[in-house]
Amino acid sequence: MIEMPGAFHTATDDLPYADDWAGTPGVRLKLLMADIEGARLAVRILFAPGVLLPPHKHTGEVHAFTLAGEWSYLEYPDNPPSRAGSYLYEPPGSTHTLKVADHNKGETDVIFVVYGAMIHYGPNGEILAIGDAESHLRDWPEALRAQGKPVPATLPIGGAMRYRRLRD
């Protein structure tokens, strides 16, 4: 008999944000889960009003749950913006440029569940970076340490939802 692990729970408000994530002012990210074998991750991101991210492409599907604020994709002006209470599905292969509404009074709060990788492009279509479960698992604790913030002791990691201690 195969023993399945129990569910993983974390109080997301207790996890620290890495500020200016990936060198982008106004973007704060916390890693909720990283499954390297399953090629998926979950993050909660706070965006300052007016933030514009570089274009990026998803190799897998993405599920986005907007908790506060408003944002949209520049490539799809006819689609309604994502606002508090919205759910957005992005199919594999989609490419877009995320723009947070300038008129927001506070931060836009979104939970993203990402399958596969995100390929970030520069202004001439060059690849700037590739983000996935493994890179987030490496970069988020590293960013927290650099900012003098505590790194959580454990996160759910791996295809069988094993809980591993993050490196000190």
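Details of the structure are given in the entry above.
Conventions and cut-offs
- Residues numbered from 1 in each chain as written.
- Predicted model: local features only at pLDDT ≥ 70, side-chain atom pairs only at ≥ 80, totals over all residues.
- Heavy atoms only, no water.
- Salt bridge = Lys/Arg side-chain N within 4 Å of Asp/Glu carboxyl O.
- Helix = DSSP H or I, 4+ residues; strand = E, 2+ residues; numbered from the N terminus.
- Buried < 20%, exposed > 50% of the residue type's maximum accessible area, 1.4 Å probe, protein only.
- Pairing = 2+ DSSP bridges.
- 1 Å grid on protein atoms, 1.4 Å probe; cavity = no way out; pocket = protein on both sides within 12 Å on 5 of 7 lines; lining within 4 Å.
- Points joined across faces, edges and corners; volume = space filled by probe spheres on them.
- Nonpolar A, V, L, I, M, F, W, Y, C, P; charged D, E, K, R; others polar.
- Polar contact = N/O pair within 3.5 Å; in protein donor to acceptor, adjacent residues only side chain to side chain.
- Contact = heavy atoms within 4.5 Å.

Description of the pattern of salt bridges
Now for step 1: Under the definition given, this model contains nine salt bridges.
Now for step 2: One salt bridge in this structure joins aspartate 19 and lysine 149, with 2.8 Å as the shortest N-O distance. Placement of aspartate 19 in the segment before β1 (27–35) and of lysine 149 in the loop between α1 (133–146) and β13 (154–157) is noted, with a sequence separation of 130 residues between them.
Now for step 3: Judged by its relative accessible area of 24%, lysine 149 falls in the partly exposed class.
Now for step 4: Among the salt bridges present, the one from aspartate 102 reaches lysine 99, with a minimum N-O distance of 2.6 Å.
Now for step 5: A relative accessible area of 59% means that aspartate 102 is categorised as exposed.
Now for step 6: Lysine 99 sits in the buried class, given a relative accessible area of 18%.
Now for step 7: Residues joined by salt bridges that share partners form a network here, namely Asp19, Arg28, Glu107 and Lys149.

Here's the deal with the pairing of strand β10 (residues 108–115)
Now for step 1: Counting buried positions over the eight residues of β10 gives seven, a clear majority of the element.
Now for step 2: Sheet topology places strand β2 (residues 40–47) next to β10; eight bridges connect them, and they run antiparallel. Note on β10: the bridge partner recorded for phenylalanine 47 is threonine 108.
Now for step 3: The sheet contact formed by strand β4 (residues 62–68) and β10 spans six bridges and is antiparallel. Directly across from valine 62, in β10, lies its bridge partner valine 114.

Side note on the layout of surface pockets
Now for step 1: When its volume is computed, the largest pocket comes out at roughly 580 Å³.
Now for step 2: What lines the largest pocket is a set of 30 residues, among which Trp21, Ala22, Met118, His120 and His136 lie closest to the centre.
Now for step 3: Among the secondary structure elements, those contributing two or more residues to the lining of the largest pocket are β1, β2, β3 (56–58), β10, β11 (118–121), β12 (127–131) and α1.
Now for step 4: A breakdown of the residues in the lining of the largest pocket according to their chemical character gives 20 nonpolar, seven polar and three charged.

Brief notes about the side chain of histidine 58
Now for step 1: Mapped onto the fold, histidine 58 is located in strand β3.
Now for step 2: On the basis of relative accessible area, histidine 58 is assigned to the buried category, the value being 3%.
Now for step 3: A polar contact of 3.3 Å, which involves the side chain of histidine 58, links it to the side chain of histidine 56.
Now for step 4: If we ignore the near neighbours within four places in the chain, the residues touching histidine 58 are Glu90, Pro92, Gly93, Ser94, His96, Val114, Ala117 and Met118.

Structural notes on the sheet that holds strand β5 (residues 70–73)
Now for step 1: Spatially, the three strands line up as an open sheet ordered β6-β5-β9, and their pairing is antiparallel. In this open sheet, the two edge strands, each paired with only one partner strand, are β6 (82–83) and β9 (98–100).
Now for step 2: Looking at chain direction, β5 and β6 are connected through two bridges and run antiparallel. Residue pairing across strands places glutamate 70 opposite arginine 83, the latter belonging to β6.

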